[in-house]
Amino acid sequence: MRGADVHGSGSGEEPGAKAGSGVDHEFLALERELSVFLRRARANSGEMAREVHPDLEAAAYGLLVRLESAGRQRATDLAAYFGVGKATMSRQLRALEGLGLVARETDPADGRAWLVHLTDEGLARFRSVRDARRGRYARNLADWDRTEVAELARLLHHFNERSED
C-alpha cells in the first residue's frame, strides 16, 4: 500500500534471516504485520466493549457484532460460530442479558429452544460504538484511494474465508 516496505527495513531482509536460509520473507512480514494488527484489534475490542457498557467483557463484544449482523440466534449456533463450548456461551449470554443488552425468546420453530437477540438498548449502544469505529477507520484511511480500501477488504475477506477451516 502506498509504497509501504512490507519487510520493515529498507534492505528487504528480515532481521536475523540470512540470504538462502529458506526463510520466506513475505510470510515473515505477513506474520509480523498480522501480529501488530491483532494486538491492536484486541485492545480496540476492549475499548469498544467498555464504550457499549463499562461492565462488558471484550470477548462479548463479538457476540453483539454477530447478533446485529445475523439477527436472532440459538445459543448453540452462536457457540458453534465462535468455536466455544455451550457453558462459555451461556455465561457470556447471561452477562449480556444482565446488562440489558440481549434478551431471550422462545424459538417458534422449537418451543424447547431459545433465541437470543439484541434489545433496543443493546442495538442502540452497539450501533453508536460501531459508527464511531467506522469514523476512525475513515479518518485513518482518508489518504487512501477507495479502490485501495476495497482491495484491503477483499483480501481480508479472502484470508478470513480460508482461515475458517
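In what follows, the accompanying structure is described. Residue numbers restart at each chain and count upward from 1, following the sequence in its written direction. Only residues with pLDDT of 70 or above have their local features reported here, since the model is predicted, and side-chain atom pairs are shown and tallied only from 80 upward, although totals for entire chains, interfaces and linings are computed over all residues. Where side-chain values are given, they derive from all heavy atoms of the structure, hydrogens and water being excluded.

### Some thoughts on the packing of helix H3 (residues 75-82) against helix H4 (residues 86-98)
Link 1 in the chain: Only the stretch in contact is used when fitting a helix axis, every axis being a line fitted to C-alpha atoms; angles between N-to-C directions are given from 0 to 180 degrees. The secondary structure listing takes helices from DSSP runs of H or I that are at least 4 residues long and strands from runs of E that are at least 2 residues long, numbered from the N terminus. At a minimum axis distance of 9 Å, the contact between H3 and H4 shows a crossing angle of 115°. If you check the angle between H3 and H4, you find them roughly perpendicular. Judged by the twist between their axes, the crossing of H3 over H4 is right-handed. Of the residues in H4, those touching H3 at Ala75, Thr76, Leu78, Ala79 and Phe82 are Lys86, Met89 and Leu93.
Link 2 in the chain: Here the nonpolar group is Ala, Val, Leu, Ile, Met, Phe, Trp, Tyr, Cys and Pro; Asp, Glu, Lys and Arg are the charged ones; every other residue, Gly included, is treated as polar. Here the residues of the contact of H3 with H4 sort into six nonpolar, one polar and one charged. We call two directions roughly parallel when the angle between them is under 35 degrees, roughly antiparallel when it is over 145, roughly perpendicular when it lies between 65 and 115, and oblique otherwise. Left-handed describes a crossing whose near helix is turned anticlockwise from the far helix through less than a right angle; right-handed describes the clockwise counterpart. Contact definition: two residues touch when any of their heavy atoms are within 4.5 Å.

### Some remarks on helix H1 (residues 25-52)
Link 1 in the chain: To estimate the expected span of a helix, subtract one from its residue number and multiply by 1.5 Å. If you check H1, its first and last C-alpha atoms are 40 Å apart, about what 28 residues at 1.5 Å a residue would give, namely 40 Å.
Link 2 in the chain: For the exposure calls, accessible area comes from a 1.4 Å probe over protein chains only, and a residue counts as buried if that area is under 20% of its type's maximum, exposed if over 50%, partly exposed in between. Residues His25, Ala29, Gly46, Met48, Ala49 and Val52 constitute the buried set of H1.

### A look at helix H5 (residues 120-140)
Link 1 in the chain: For H5, which comprises 21 residues, the first-to-last C-alpha distance of 30 Å matches the rise-based estimate of 30 Å (1.5 Å per residue) to within 8%.
Link 2 in the chain: What H5 keeps buried is the set Gly122, Phe126, Val129, Arg130 and Arg133. Each buried residue of H5 lies within a common arc of 100° when the element is viewed along its axis, so the set occupies one face. Exposed and facing more than 90 degrees away from the buried side of H5 are Asp120 and Arg139.
Link 3 in the chain: Buried residues in H5 make contact with H1 and helix H2 (58-70). Along the arc lie the directions from the helix axis toward the C-beta atoms.

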